[in-house]
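Residue strings, one per chain:
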Number of protein chains: 2
Amino acid sequence: MPVDDVTVRRPTLTQVAALAGVSLKTASRALNQEPNVAPSTGRRVRDAADLLGYRLNGIARELRRGATSALVGLVSGDLTNPFYSAVASGIERELRQHGLLLITANNDEDAMLERSLVDAFLERRVRALLVIPSADDHEYLAIEGNRGVPFVFLDRPPDGLSADAVLIDNAGGARSAGEHLLGAGHRRIALVSDLVRMAPQRARIDGFVGAMRAAGNDAWEPFLRTGVHDVRQAERTVRDLLALDQPPTAVFTTNNRLTTGALRAMRELADPPALIGFDDFDLADVLGTTVVAHDMTALGREAARLAYERISGHSGPARTIVISTSIIARGSGERPPR
Amino acid sequence: MPVDDVTVRRPTLTQVAALAGVSLKTASRALNQEPNVAPSTGRRVRDAADLLGYRLNGIARELRRGATSALVGLVSGDLTNPFYSAVASGIERELRQHGLLLITANNDEDAMLERSLVDAFLERRVRALLVIPSADDHEYLAIEGNRGVPFVFLDRPPDGLSADAVLIDNAGGARSAGEHLLGAGHRRIALVSDLVRMAPQRARIDGFVGAMRAAGNDAWEPFLRTGVHDVRQAERTVRDLLALDQPPTAVFTTNNRLTTGALRAMRELADPPALIGFDDFDLADVLGTTVVAHDMTALGREAARLAYERISGHSGPARTIVISTSIIARGSGERPPR
DNA sequence: TTGAAAGCGCTAACAG
DNA sequence: CTGTTAGCGCTTTCAA
């Protein structure tokens, strides 16, 4: 029979105790494996619980124990992006080892939404909050940070407060991509990047520009494209670049979405330009795409580890972990200039 | 100053009320936008709350309101798989519109772990539970289903209890893949599939076999490979198939992981066999891979919708929604037999 | 080994 | 418009 009323009351510990003919506290002890319970009493209580279909009320327990849950929150961008989902997966695995659960929410790259999600998580009394922030200003989190809810920033450094962070060596990775292309003889190198309000994007641009400067090359400058935010835009941007009279001989894309767009733009070219993309992706090996790779799962794992240490009472100064990058040469980045 | 003690007590509503010089209930009313609060009182309370850095204790509220949270749980396989993350994303977006949050946990395809995760979620008093089950037997959930926690099964039908489900037209999709290859003139078609204990895999095999039977073709039989569970295995399996004296002229892979493996195996072939993969994927267009596509985000969205209806009190019999599939021809599935 | 009483922080019910 | 009282289901004293 389906249940009609929404408010089906579940059996409580009191009812279990009554059925077992013991006091509330004894029932509690028995079900929590606490010592000092006679075996026979324990059995009686467990039988009663089974009979009633009793299940512990975690909410009541948490309230009593100090209003703090076994939940850790993650606010990130679109989980559909494999970058975010790999990070989330790394976090979840690490947390689970400590009996913690992960709540996730997408900020849809909207600063207001992000704030309200952070609020919702804090109201749920999460033990820690992991954020891949879309907003620039994180000052509003400062009060919380000092009130016992540890924050860990992923992929983007905290701005306006001091907090633990796990970052990627964006500048270094982009620099080596630039050097890689220079080394293959390229000069006219296009840089296709996302919104510059995101710190990682700025760092990647800086790293790339640094490599160009160091080599005394300025032939890349006409081919700088920023603010390219989705696959379709990236495809069009690269198409346009390649249609120029003097097209670039190489392209560097600063994240996985942009790389996808570039690959689409180059799909039917007999003699495509060189390409390096920041972020590794699933079929890069099959496509022969050279990338700046980094361990996304490790990024999540390290962030979860930092959070767990704080939860466990660690109280040193804010720490920053930097995940290193490496170029994986698969062909596309090694094509010589035409 | 970093906080040293883990148990930093947050200010309570009582303290806010005291500071504002009003009663507990008035403070509660003011902060919850309830009617019947004088504007000046409201302001005083809000100021006091800001001053103390007060934040509502959602746990206490939930306990009082009936021990049911605004959380919906999702237990699924590896979030690293784009299939799961697309589904999760669809769920999360739909739930958010109703003010519900999503808790996720990976079962790592382990039935025991899945059970304990389900337990953990139920103890947290989730409002609904969405499951992409790895286990076969879901009978242990039956009691819960009748106790007010709605279940929705995704991608795999419930076994041993009656519950809402959102499925993919696995048999239909696989059948049309088979027909597509037959139509291109293939007879020796390899079927590479995952663990047959997963219902969707069985359905896909059945659909494919049905197409073969209907066409009176049995030349595929030597090329049936089941139990192939990861990318590496898939790659080796396809390599082995193609190394046979009489190799298959076409390959059908029954999920995205297996398709990836097949693509790796075929990477360097001058004259690869035809290929159709179940599940669309990100760069399939660039690679020219023909797939059986379906809307994974919609799968999640529909599941969340069903759950929300139950949460809102709907109590009809269990419903099943089937997400349709379609072949997207991109070249690999249209290659003729050699 | 067991039990009684108190109270976590909040909201619902009912007065004023 | 505001306050008082009670109690959600559990764990934590403290006492038996």
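Residues numbered from 1 in each chain as written. Chains lettered and ligands numbered in written order. Predicted model: local features only at pLDDT ≥ 70, side-chain atom pairs only at ≥ 80, totals over all residues. Heavy atoms only, no water.

1. Description of the overall build of chain A
Across its full length, chain A holds 13 helices and twelve strands. Computed over C-alpha atoms, the radius of gyration of chain A comes to 26 Å, more than 25% over the 20 Å expected from 2.2 N^0.38 for 338 residues, which places it beyond the range of a compact globule. Once the C-alpha set of chain A is aligned to its principal axes, its extents read approximately 90 × 50 × 35 Å. Across the 338 residues that make up chain A, the buried fraction comes to 55%. Sequence separation of 24 or more characterises 66% of the internal contacts of chain A that already satisfy a separation of 6 or more. Just so you have it, chain A exposes about 14000 Å², and 50% of that area is on carbon and sulfur atoms. Considering chain A, the positive charge centre built from 40 side chains and the negative charge centre built from 42 side chains are found 7 Å apart. (Helix = DSSP H or I, 4+ residues; strand = E, 2+ residues; numbered from the N terminus. Rg over C-alpha atoms; globule rule 2.2 N^0.38 Å. Buried < 20%, exposed > 50% of the residue type's maximum accessible area, 1.4 Å probe, protein only. Contact = heavy atoms within 4.5 Å. Areas by Shrake-Rupley, 256 points an atom, 1.4 Å probe, with all protein chains shown as cover. Lys, Arg positive; Asp, Glu negative; His and termini not counted. Charge placed at Lys NZ, Arg CZ, Asp CG, Glu CD.)

2. Details of the pattern of salt bridges
Taken as a whole, this structure holds 35 salt bridges over all chains when the rule is applied. Ionic pairing is found between Arg96(B) and Asp108(A), a salt bridge with its closest N-O pair at 3.4 Å. Taken together, the residues Arg96(B) in helix H5 (residues 82–96) and Asp108(A) in the loop between strand E2 (101–106) and helix H6 (111–123) connect one chain to another. A salt bridge links Glu302(B) to Arg305(B), with the nearest nitrogen and oxygen atoms 2.6 Å apart. Taken together, the residues span about one helical turn, with Glu302(B) and Arg305(B) both in helix H13 (residues 296–311) at a distance of three residues. With a relative accessible area of 17%, Glu302(B) lands in the buried category. Overall, Arg305(B) belongs to the partly exposed group, its relative accessible area being 29%. (Salt bridge = Lys/Arg side-chain N within 4 Å of Asp/Glu carboxyl O.)

3. A short note on the confidence of the model for chain A
Interpreting fine coordinate detail is not advised for predicted regions of low pLDDT. Taken over all residues, the pLDDT of chain A has a mean of 91, while the share at 70 or more is 95%. Of the regions scoring below 50 in pLDDT, residues 1–7 of chain A engages in eleven contacts with residues more than four places distant in sequence or in other chains. (pLDDT = per-residue confidence, 0-100.)

4. Comments concerning the UniProt feature "domain: HTH lacI-type" (unreviewed entry) in chain A
Here, the residues flagged by UniProt with the feature "domain: HTH lacI-type" (unreviewed entry) are residues 11–65 of chain A. Structurally, residues 11–65 of chain A comprises 69% helix and 0% strand, and the distance from its first C-alpha atom to its last is 21 Å. (UniProt positions renumbered as here; feature names shortened; annotations may be inferred.)

5. Overview of the protein's contact with DNA strand C
As a matter of local geometry, DNA strand C sits amid 25 residues, with Thr26(A), Thr41(A), Arg64(A), Leu13(B) and Tyr54(B) nearest to it. Asn32(B) has a polar side-chain atom sitting 3.3 Å from a phosphate oxygen of DNA strand C. Secondary structure elements with two or more residues in the surface near DNA strand C: helix H2 (24–31) and helix H4 (58–65) of chain A together with helix H2 (24–31) and helix H4 (58–65) of chain B. The biggest single contributor to the surface near DNA strand C is H4(B), with four residues. Among the residues making up the surface near DNA strand C, the classes are represented as nine nonpolar, eight polar and eight charged. (Near = heavy atom within 4 Å. Polar contact = N/O pair within 3.5 Å; in protein donor to acceptor, adjacent residues only side chain to side chain. Nonpolar A, V, L, I, M, F, W, Y, C, P; charged D, E, K, R; others polar.)

6. Considerations on the sheet that holds strand E7 (residues 224–225) of chain B
Residue and element names in this part refer to chain B. Judged by pairing direction, the sheet is mixed, and its six strands sit side by side in the order E7-E6-E8-E9-E10-E12 without closing on themselves. Every interior strand has two partners, whereas the edge strands, E7 and strand E12 (326–328), have only one. Of the pairings in the sheet, the one linking strand E9 (residues 274–278) to strand E10 (residues 290–293) comprises three bridges and is parallel in character. Across the sheet, the residue bridging to Ile 276 is Thr 290, located in E10. Together, strand E6 (189–192), strand E8 (250–253), E9, E10 and E12 form the strand contacts of helix H8 (residues 170–183), whose direction differs from that of E9 by roughly 170°. Along the sheet face, helix H9 (residues 199–214) touches E6, E8 and E9 and points at about 165° away from the line of E6. (Pairing = 2+ DSSP bridges. Axes fitted to C-alpha atoms, helices over the stretch in contact; angles between N-to-C directions.)

7. Focus on the interface of chain A and chain B
Taken residue by residue, the interface counts 70 residues in chain A and 69 residues in chain B. Here chain A packs against chain B, burying approximately 6300 Å² in sum over the two surfaces, 53% of which is carbon and sulfur. Where chain A touches chain B, the interface holds twelve salt bridges. The residue Arg93(B) makes a salt bridge to Asp78(A) at a minimum N-O spacing of 3.9 Å. At the boundary of chain A and chain B, one finds 28 residue pairs in polar contact (both at pLDDT 80 or more). Within the residue set of the side of chain A that touches chain B, elements represented by two or more residues are H4, helix H5 (82–96), E2, H6, helix H11 (256–266) and helix H12 (284–287) of chain A. Counting residues per element, the side of chain A that touches chain B draws most heavily on H6(A), at seven residues. A breakdown of the residues in the side of chain A that touches chain B according to their chemical character gives 32 nonpolar, 18 polar and 20 charged. Summarising the sheet, E2(A) and strand E2 (residues 101–106) of chain B pair through three bridges and their orientation is antiparallel. For Thr104(A), the partnering residue across the bridge sits in E2(B) and is Leu102(B). (Buried area = accessible area lost by both parts, 1.4 Å probe.)

8. Quick notes on the protein's contact with DNA strand D
For DNA strand D, the set of nearby residues contains 25 residues, the closest of which are Leu13(A), Lys25(A), Tyr54(A), Thr26(B) and Arg64(B). Backbone polar atom of Ser23(B) to a phosphate oxygen of DNA strand D: 2.9 Å apart, as the coordinates give it. Partitioned by chemical class, the residues of the surface near DNA strand D number nine nonpolar, eight polar and eight charged.

9. Here's the deal with H2(B)
Residue and element names in this part refer to chain B. Every buried residue belonging to H2 is among Ala 27, Ser 28 and Ala 30, and all of these are buried. Projected down its long axis, H2 carries its buried residues within an arc of 165°, all on one side. The secondary structure elements touched by the buried residues of H2 are helix H1 (13–20) and helix H3 (39–52). Trailing H2 by a residue or two, Gln 33 shows a phi angle of about 55°, which is positive. (Arc of directions from axis to C-beta.)

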